[in-house]
Amino acid sequence: MPPIARPTAPRPIARFLARTLLVVALPAAVAPMTARDGAGEHDAPAQGGPPVWPSSLDEPTSAELLGHLPEGVAKRKFLLDCTGCHQLSARVAYPEGRARTAAEWETIVQRMLRYGGARGRFPVIHSDRDAATTGAWLARHLPPVRPARRELASRGARRLRVPPASSWSVAEFALPEPGDLAHDVALDGEGRVIVTGMFTHRMYLLDPTTGRFTDVAIPVPNANPRAVEVDGAGRWWVALGAPARVAVYDPAWAGMHEAWRSFETGMYPHSVALAPDGAAWFNGHFTRDPALIGRVDLAARRVDSAALAPHPTLAADPGGPIPYEIRVAPDGVVWTSELHGNRLVAYDPRTRRSWAVAMPEPHSGPRRFDVDGDGVLWVPAYAANALLRYDPRRGKLERVALPIPDAVPYVARVDRASGDVWVGTSAADVVLRYAPRAGTFEAYPLPSRGAMVRHLAVDPRTRDVWLAYGASPGIAARVARLRLAR
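Residues numbered from 1 in each chain as written. Predicted model: local features only at pLDDT ≥ 70, side-chain atom pairs only at ≥ 80, totals over all residues. Heavy atoms only, no water.

A. How the structure looks around the pattern of salt bridges. One pass over the structure, following the stated rule, counts 32 salt bridges. With a shortest N-O distance of 3.3 Å, Arg478 and Glu172 are connected by a salt bridge. You can see Arg478 sitting in strand S32 (residues 478–484) and its partner Glu172 sitting in strand S4 (residues 168–174), a full 306 residues away along the chain. Overall, Arg478 belongs to the buried group, its relative accessible area being 3%. Across the salt bridge formed by Arg327 and Asp370, the nearest N and O atoms sit 3.1 Å from each other. Separated by 43 residues along the polypeptide, Arg327 in strand S17 (residues 323–328) and Asp370 in strand S21 (residues 370–371) bring together distant segments of the chain. (Salt bridge = Lys/Arg side-chain N within 4 Å of Asp/Glu carboxyl O. Helix = DSSP H or I, 4+ residues; strand = E, 2+ residues; numbered from the N terminus. Buried < 20%, exposed > 50% of the residue type's maximum accessible area, 1.4 Å probe, protein only.)

This is the structure we're talking about:
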């Protein structure tokens, strides 16, 4: 692979984010770690950042509201364009209990396009998104009065079981800053929870036994941490989106300048994945012609890049295929998903060959997938409301429909001990557990309305499932622990 080029296009993106999204600049030196109390609920206004909304379980879920929109390509593209950062909640759709007009919806979509349109600086919306058409479509199909929760409670669910309340529990931990974004979670070797504070540019370390957070400053201005993985030596690998860097933190050097090392990537790194050889891989969120991934070799202090199989149409489209998740299979093959490109894309570092696997339905939106111990990919099809199983050895792709209509699956993670697949939903305020051998689902309702699960991690020691609620704007920032009775 060639050495990575120095950043070109990502720098305007970084400046734009620093002005519009990112609210608190950290000093360019490692600050001492401080402890904060994370217990309880905090719905007070945040110090800057997006709005913080109170939530009520009496409100209909986003999934229930989405159920009023007609199925088809228009709905799938709407889900991909307009629900990736926040839910279509009752608060969004029914201010003061009334439905928005077509003109009001058009104004909202125009604002979204100014921020995330395909020709803008953070291009995450399809290039053909039209504000007037979208506004008229929403006004035509959403009920004129906000539906009561009970009106939608009887919507059918297939192959679904909710375990007895005595067999599981959910505890929520509020971040110190309500307006922060807990974008990702990971576990260290002692069972502490590592959280990315995306809007405050810091990392958090949560002690679940005390409910207290410890701040870990990042020595990069406007660090924008969005993804974290922990390697076998206990080091944190963190994707810093806006600065276009991947950073490595060694807790053994905590409080010292040597604790952090960071590497220029030449692109906006969306996600990070660890390889069996000790290297880390990342993907370029806005790369398209070609779409790029990169590799960080910590020992050699070297960053290389590799081009992926070009998308047949979106490589030349202003929005691009939107590279999303990245994972490394047991055989060393690097896999990525394309949110708009509707593909899984593989890269073999040994042969430098790349190839793609198309999704079975158009505009499915393969999002945050995982790879199990046998090399099988478990893919949440975000806009198709399905869990996909892809076996690269057999070239077989299977579709498992989710048991809750319009749940909108965001992330899938495999429990390596049991083989079960945990699925965090974006719209249903529910976490699902799928048992592949039985072909059955269990549902675990979450205690907050607006619990958009953007990331999750399974603790290999306790089997606890840790969730990062990631709506922005949305409810006050928090993470949650789902614990099964033992």
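That covers the picture; the talk isn't over yet.
B. Fine view of the pairing of strand S30 (residues 465–469). S30 sits mainly inside the fold: five of its five residues count as buried. A two-sided burial pattern is seen for S30, the buried positions comprising Val465, Leu467 and Tyr469 on one face and Trp466 and Ala468 on the other. Judged from the five bridges that link them, strand S29 (residues 453–458) and S30 form a sheet pairing that is antiparallel. Looking across to S30, one finds that Val458 is bridged to Val465. Between S29 and S30, which pair antiparallel in sequence order, lie six residues; one of them, Arg463, sits at a positive phi of approximately 70°. As paired elements, S30 and S32 share four bridges and run antiparallel to each other. Of the residues in S32, the one forming a bridge with Trp466 is Arg481. (Pairing = 2+ DSSP bridges.)

C. A look at the environment of Ala476. Looking at the element boundaries, Ala476 is found in the loop between strand S31 (474–475) and S32. The class for Ala476 is buried, based on a relative accessible area of 2%. Sequence spacing of Ala476 and Ala182 is 294 residues, and the spatial spacing of their C-alpha atoms is 9.9 Å.

D. Representation of the sheet that holds S30 within the structure. Taken together, the four strands give an open sheet; going across it, the order is S4-S32-S30-S29, and neighbouring strands pair in antiparallel fashion. Unpaired on one side and paired on the other, S4 and S29 mark the two borders of the sheet. Each neighbouring strand pair of the sheet contributes to a mean axis angle of 20°, computed without reference to strand direction. (Axes fitted to C-alpha atoms, helices over the stretch in contact; angles between N-to-C directions.)

E. Local environment of helix H5 (residues 102–116). Here H5 contains 15 residues, and its C-alpha end-to-end distance of 21 Å stays within 8% of the 21 Å for a straight helix at 1.5 Å per residue. All of the buried residues in H5 are Trp105, Ile108, Val109, Met112 and Gly116. Along the axis of H5, the buried residues cluster in a sector spanning 95°; they form a single face. On its buried face, H5 sits against helix H3 (73–82), helix H4 (90–93) and helix H6 (131–141). (Expected span 1.5 Å × (residues − 1). Arc of directions from axis to C-beta. Contact = heavy atoms within 4.5 Å.)

F. A look at unusual backbone geometry. A cis amide bond, omega 10°, links Asp289 with the succeeding residue Pro290. Tracing the backbone shows Pro290 in the loop between strand S14 (280–284) and strand S15 (292–297). Of note, the amide linkage connecting Ser472 to Pro473 takes the cis form, showing an omega dihedral of 0°. Positive phi, normally seen in glycine, also occurs at Asn385, with a value near 55°.

G. Highlighting H6. Of the residues making up H6, those classed as buried are Ala131, Thr134, Gly135, Trp137 and Leu138. Seen end-on, H6 carries its buried residues on one side only, within an arc spanning 165°. The exposed residues of H6 that point more than 90 degrees off its buried face are Thr133 and Arg140. Contacts from the buried residues of H6 go to H3 and H5.

H. Region of interest: the sheet that holds strand S12 (residues 260–264). Reading across from one edge, S9-S10-S11-S12 is the order of the four strands in this open sheet, with antiparallel pairing throughout. Where the open sheet ends on each side, the last strands, each with one partner, are strand S9 (225–230) and S12. Strand-to-strand twist in this sheet, taken as the mean axis angle between neighbours without regard to direction, amounts to 20°. Sheet topology note: the strand S11 (residues 245–249)/S12 ladder contains five bridges and is antiparallel. Directly across from Ala247, in S12, lies its bridge partner Ser262.

I. Examining the packing of H5 against H6 more closely. At a closest axis distance of 7 Å, the pairing of H5 and H6 adopts a crossing angle of 135°. Here H5 lies oblique to H6, going by the angle between them. The chirality of how H5 crosses H6 is right-handed. Across from Ala102, Trp105, Glu106, Val109, Gln110 and Leu113 in H5, the residues of H6 making contact are Ala131, Ala132, Thr134, Gly135, Ala136, Leu138 and Ala139. A per-class count over the contact of H5 with H6 returns nine nonpolar, three polar and one charged. (Parallel < 35°, antiparallel > 145°, perpendicular 65-115°, else oblique. Left-handed = near helix turned anticlockwise from the far one by under 90°. Nonpolar A, V, L, I, M, F, W, Y, C, P; charged D, E, K, R; others polar.)

J. Representation of the environment of Met452 within the structure. Among the secondary structure elements, Met452 is positioned in the loop between strand S28 (440–445) and S29. As a C-alpha pair, Met452 and Ile475 span 23 residues in sequence and 9.4 Å in three-dimensional space.

K. View of the packing of aromatic side chains. By the definition in use, this model includes 18 aromatic pairs. Members of the aromatic cluster, connected to one another through ring pairs, are Tyr115, Phe122, Tyr268 and Phe286. A cation over an aromatic ring shows up here: Arg100 above the ring of Trp105, its NZ or CZ 5.8 Å from the ring centre. (Phe/Tyr/Trp six-rings, centres within 6.5 Å; stacked < 30°, edge-to-face > 60°. Lys NZ or Arg CZ within 6 Å of the ring centre and 35° of its normal.)

In short, shape yes, function no, at least from these values alone.
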